[in-house]
Amino acid sequence: QVQLVESGGGSVQAGGSLRLSCVVSGYTYGSLRMGWFRQAPGKEREGVAGIGRNGIKIYAESVKGRFTISQDNAKNILYLQVNSLKPEDTGMYYCAATDSPKWYFLLHGDFGYWGQGTQVTVSS
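What you see is a predicted model; the values in this text were computed from it and never measured.

Thresholds applied
Residues numbered from 1 in each chain as written. Predicted model: local features only at pLDDT ≥ 70, side-chain atom pairs only at ≥ 80, totals over all residues. Heavy atoms only, no water. Helix = DSSP H or I, 4+ residues; strand = E, 2+ residues; numbered from the N terminus. Contact = heavy atoms within 4.5 Å. Polar contact = N/O pair within 3.5 Å; in protein donor to acceptor, adjacent residues only side chain to side chain. Pairing = 2+ DSSP bridges. Axes fitted to C-alpha atoms, helices over the stretch in contact; angles between N-to-C directions. Disulfide = S-S within 2.5 Å. Buried < 20%, exposed > 50% of the residue type's maximum accessible area, 1.4 Å probe, protein only. Salt bridge = Lys/Arg side-chain N within 4 Å of Asp/Glu carboxyl O. Core = buried A, V, L, I, M, F, W, Y, C linked by side-chain atoms within 4.5 Å.

Before we move on, could you go through the environment of Thr 90 and cite the residues and values that matter?
Tracing the backbone shows Thr 90 in the loop between strand E8 (77-82) and strand E9 (91-98). Leave out the neighbours within four places in its chain, and Thr 90 touches Ala 40, Gln 119, Val 120, Thr 121 and Val 122. At a separation of 2.9 Å, a polar atom in the side chain of Thr 90 contacts the main-chain amide nitrogen of Val 122.

See below:
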C-alpha cells in the first residue's frame, strides 16, 4: 500500500538548483527509512542520500555539501534540495523507502518501495 509520488525535476544550467519532492502515503508514520537514488542513461542506479527514522542523514560522497535531504513529517513529504548542479548529476531521480536497518548503505536492492522517478537534466 506504500505509494511514492515525485515531482520537482526539470532542466537547469550547471550551477543551478532544484527541489525534488516525494509525497509518501500508505504507511504508518515513522515506520520507514527514506532515500533518494538516481540513474543516468547506461549506468546503474546509485544511492544519493538517505534519512533514517531518527533523522540522521547520509550522502554519497559525490553530492555531499551540495545536496540536502529533508522531510516534512506532518505532511509525509520527502525532499531533496540539489544545489550547485553539475552535468554529471543528470539522471532520473527516484525516492524510495525501506524498513531495513541497512538503509544507510544506500543499496537499491534494500529498498522495496519506489517512486516513478523525476528527470533532472543539467546542461553545461
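Any chance you could break down the sheet that holds E8 for me, citing the residues and the numbers?
Strand order in the open sheet formed by 4 strands is E1-E3-E8-E7, and the pairing between neighbours is antiparallel. Edge strands, defined here as strands with exactly one partner in the open sheet, are strand E1 (3-7) and strand E7 (67-72). Direction aside, the axes of adjacent strands within the sheet are offset by 20° on average. With 5 bridges connecting them, E1 and strand E3 (residues 18-25) associate as antiparallel partners. Bridging across to E3, Glu 6 finds its partner in Cys 22.

So what's going on with the state of the cysteines? Which residues, and what values?
Tallied over the full model, the rule gives 1 disulfide. Covalently, Cys 22 is tied to Cys 95 through a disulfide, its sulfur atoms 2.0 Å apart. Every disulfide takes its handedness from the sign of the S-S torsion; for Cys 22 and Cys 95 that torsion is 55°, giving right-handed. On the criterion of sequence distance, the pair formed by Cys 22 in strand E3 and Cys 95 in strand E9 is long-range, its members being 73 residues apart. Residue Cys 22 is classed as buried on the basis of its relative accessible area of 0%. On the basis of relative accessible area, Cys 95 is assigned to the buried category, the value being 0%.

Provide a residue-level description of the pattern of salt bridges, including the pertinent values.
Under the counting rule described, the total for this entry stands at 5 salt bridges. If you follow the salt bridges from partner to partner, you end up with Arg 38, Glu 46, Arg 66 and Asp 89 in one network.

Help me get a handle on unusual backbone geometry, residues and values and all.
A positive phi is found at Ser 84, a non-glycine position, where the angle reads about 50°. By the secondary structure assignment, Ser 84 is in the loop between E8 and E9. Residue classification places Ser 84 among the partly exposed residues on the basis of a relative accessible area of 42%. Of note in the backbone geometry, Leu 106 takes a positive phi value of approximately 50° without being a glycine. Among the structural elements, Leu 106 can be located in the loop between E9 and strand E10 (113-114).

Break down the pairing of E7 for me, citing the residues and quoting the values.
By the bridge criterion, 6 bridges tie E7 to E8 in an arrangement that is antiparallel. Directly across from Gln 71, in E8, lies its bridge partner Leu 78. Here E7 folds back onto E8 in antiparallel fashion, the turn holding 4 residues, of which Asn 76 has a positive phi close to 55°.

Please provide a residue-by-residue account of the nonpolar core, values included.
Within the largest apolar cluster, 26 residues are counted, with the highest numbers of intra-cluster contacts made by Leu 4, Met 34, Trp 36, Val 48, Phe 67, Leu 78 and Leu 80. Within the residue set of this core, elements represented by two or more residues are E3, strand E4 (33-39), strand E5 (46-51), E7, E8, E9 and strand E11 (118-123). Phe 37, Ala 96, Trp 103 and Leu 106 belong to the second-largest nonpolar core, a separate cluster that totals 6 residues.

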